[in-house]
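Take a look at the letters that make up each chain.
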Amino acid sequence: MLFHGSSLPPPSSLNAQDPASLLSFPVTSSVAVIIHLSSTNLINWLQRSFLLLSPLVCSQSLQVGYGGWQNISMAKYFTDYANLCFEVFGDRVKHWVTFSDPRAHAQAWHSYHQTWRSKQQGLVGISLNCDWGEPVDSSNPKDIEAAERYLQFCLGWFANPIYAGDYPQVMKEYIGRKSAEQGLDVSRLPEFSLQEKRYIKGTSDFLGLGHFTTRYITAKNYPSCQGPSYQNDRDLIELVDPNWPDLGSKWLYSVPWGFRRLLNFAQTQYGDPPIYVMENGASQKLHCTHLCDKWRIQYLKGYINEMLKEPLLSHMQMATEIAVPTVCTLCVLIAAVLLTILLHRQH
């Protein structure tokens, strides 16, 4: 549910020459990083990189006071944040990446398209994470449907509004039916208005994909009386092959062939868009006092090789994602430094 009543402090209250105004703004550390990076040459080396307009700008004060991303006004404030990035870095950065909120993404895309694209000649895309879902029994129609459902509830949830103008039909059917069985008058999946569908559809210059592993999928009916949940809505079970190499994290297994199948799915499902691989990698498997990551080398080699096979090669590119702010730790550190400077000045 989206909240309409709360309002947020205006970005106009920011003063780049006044650190105190930066530190008092709810997205303090993010804006501080942007303003202070702009006064240096550090951003110049990012000319051929991708900058992620990070959703982590939602501070605790915004989450507690305004409901975070459930507040519809957050999409507007994300666009204000994106515009600040476009203005400061857009003469050098040509690839911008948003995150999995179709409304916020669409507003940022339209803002760039209307105000900045003709001057800066850049691109704005979205980055989405999804694992591959393989039917347990490829001859069983129910398992095939369940695997398709797995992908639509994962990737289609956010990609479909952008490339087709609405949530996947299977999501609307399953969540709508279970919502009715749970006594709700309307579906728990929000509906886009016709105006929203037109506004969101087509708002991506490229598709960024993050992918790490694969699951076998089989159908399972979850009674609606168990209550609403992402798991229950999908009516499926995720399984792993015990022979898959594990990589330390309980959820992560090396399954390179699943990566290729996901890329093929995205390519055919969304009309052959330019695709950039934004996230992929393996966690630390062992505690080492020296360099020991052969499993990571094998993981990356296997996944990259799947991407490089024809005919995907002509459609795929690897990208390095740089977050703005780069990482949360950097944001907090810079904010702390600025606060320390202010305190010293007061004394």
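Note that the structure is a prediction, hence the values are computed from the model and not measured.

> I'd like a description of the sheet that holds strand 6 (residues 214–219), backed by residues and values.
On the basis of which strands lie adjacent, the open sheet formed by 3 strands has the order 4-6-7 and mixed pairing. One side of each edge strand has no neighbouring strand; the edge strands of this open sheet are strand 4 (132–135) and strand 7 (236–239). Neighbour-to-neighbour, the strand axes of the sheet open up by a mean angle of 40 degrees, direction not taken into account. Alignment of strand 4 against strand 6, held across 4 bridges, turns out to be parallel. Following the sheet pairing, Glu134 is matched in strand 6 by Tyr216. Each of strand 4, strand 6 and strand 7 touches helix 6 (residues 141–163); the most contacted strand, strand 6, lies at about 130 degrees to it. Of the strands in this sheet, strand 4 and strand 6 are in contact with helix 10 (residues 256–269), which crosses strand 4 at around 100 degrees.

> Please give an account of the environment of Thr214 that cites residues and values.
Note that Thr214 resides in strand 6. Given a relative accessible area of 0%, Thr214 falls into the buried group. A sequence separation of 45 residues divides Thr214 from Phe259, and the C-alpha atoms of the two residues are 7.8 Å apart. Ignoring sequence-local partners within four residues, the contact set of Thr214 consists of Trp132, Trp244, Val255, Trp257 and Gly258.

> Kindly report on the packing of helix 6 against helix 10, identifying the contributing residues and their values.
One can describe the packing of helix 6 onto helix 10 by two numbers: an axis separation of 12 Å at closest approach and a directional angle of 55 degrees. Viewed along their axes, helix 6 and helix 10 adopt a mutual orientation that is oblique. The element helix 6 and its partner helix 10 pack so that their crossing is right-handed. Contacts from Glu148, Leu151, Gln152, Leu155 and Asn160 in helix 6 reach Leu262, Phe265, Ala266 and Gln269 in helix 10. Partitioning the contact of helix 6 with helix 10 into residue classes produces 5 nonpolar, 3 polar and 1 charged.

> Tell me about a nonpolar patch on the surface, and name the residues and values.
Among the surface-exposed residues, Leu300, Ile304 and Leu308 lie close enough to one another that they form a single nonpolar patch of about 200 Å² accessible area. Note that Leu308 resides in helix 11 (residues 294–308).

> Summarise the packing of aromatic side chains; cite the residues concerned and give the values.
Aromatic rings in a pair are described by how distant their centres are and how their planes are angled relative to each other. Within the structure shown, the criterion is met by 19 aromatic pairs. Taking the centre distance of 4.6 Å and the plane angle of 20 degrees together, the rings of Trp157 and Phe158 count as stacked. Judged by its relative accessible area of 17%, Phe158 is buried. Ring centres of Phe265 and Tyr270 lie 6.4 Å apart, and the angle between their planes is 90 degrees; this geometry places the pair in the edge-to-face category. The same class applies to Phe265 and to Tyr270, which are both buried. For the cation-ring pair, Lys119 lies above Trp116, with the distance from its terminal atom to the ring centre recorded as 5.3 Å. Between the NZ or CZ atom of Arg177 and the centre of the ring of Tyr174, over which it lies, the distance is 5.1 Å.

> Give a detailed account of the pairing of strand 6, specifying residues and quantitative values.
Two elements, strand 6 and strand 7, share 4 bridges in a ladder whose sense is antiparallel. Of the residues in strand 7, the one forming a bridge with Ala219 is Leu236.

> Could you give me a rundown of the confidence of the model for the protein, with the residues and numbers involved?
Detailed reading of predicted coordinates is not advised where the pLDDT is low. Residues at a pLDDT of 70 or more form 73% of the protein, whose mean pLDDT is 79. Within the protein, helix 1 (residues 19–24) has the poorest average pLDDT of any element, 39, and strand 4 the best, 98. Counting contacts from residues 1–40, a segment whose pLDDT is below 50, to residues more than four positions away or on other chains yields 78 contacts. Contacts from residues 320–340, a stretch scored under 50 in pLDDT, to residues over four places away or in other chains number 40 contacts.

> Run through the nonpolar core, naming residues and quoting values.
Buried together is how nonpolar side chains tend to be arranged in soluble globular proteins. In this structure, Leu155, Leu207 and Tyr270 are the most contacted members of the largest nonpolar core, which totals 46 residues. Mapped by element, the contributors of at least two residues to this core are strand 3 (123–129), helix 6, helix 7 (169–181), strand 5 (207–210), strand 9 (249–253), helix 10, strand 10 (275–279) and helix 11. With 11 residues, helix 6 is the single largest residue contributor to this core. Setting aside its immediate chain neighbours within four residues, Leu207 contacts Ile126, Leu128, Tyr163, Ala266, Tyr270, Pro273, Pro274, Ile275 and Tyr276. Listed in part, the 20 residues of the second largest apolar core include Ala75, Phe78, Cys85 and Phe89.

Conventions used here
- Residues numbered from 1 in each chain as written.
- Predicted model: local features only at pLDDT ≥ 70, side-chain atom pairs only at ≥ 80, totals over all residues.
- Heavy atoms only, no water.
- Pairing = 2+ DSSP bridges.
- Helix = DSSP H or I, 4+ residues; strand = E, 2+ residues; numbered from the N terminus.
- Axes fitted to C-alpha atoms, helices over the stretch in contact; angles between N-to-C directions.
- Contact = heavy atoms within 4.5 Å.
- Buried < 20%, exposed > 50% of the residue type's maximum accessible area, 1.4 Å probe, protein only.
- Parallel < 35°, antiparallel > 145°, perpendicular 65-115°, else oblique.
- Left-handed = near helix turned anticlockwise from the far one by under 90°.
- Nonpolar A, V, L, I, M, F, W, Y, C, P; charged D, E, K, R; others polar.
- Patch = residues over 30% accessible without salt bridge, like charges linked within 9 Å, V, L, I, M, F, W, Y side chains within 5 Å.
- Areas by Shrake-Rupley, 256 points an atom, 1.4 Å probe, with all protein chains shown as cover.
- Salt bridge = Lys/Arg side-chain N within 4 Å of Asp/Glu carboxyl O.
- Phe/Tyr/Trp six-rings, centres within 6.5 Å; stacked < 30°, edge-to-face > 60°.
- Lys NZ or Arg CZ within 6 Å of the ring centre and 35° of its normal.
- pLDDT = per-residue confidence, 0-100.
- Core = buried A, V, L, I, M, F, W, Y, C linked by side-chain atoms within 4.5 Å.

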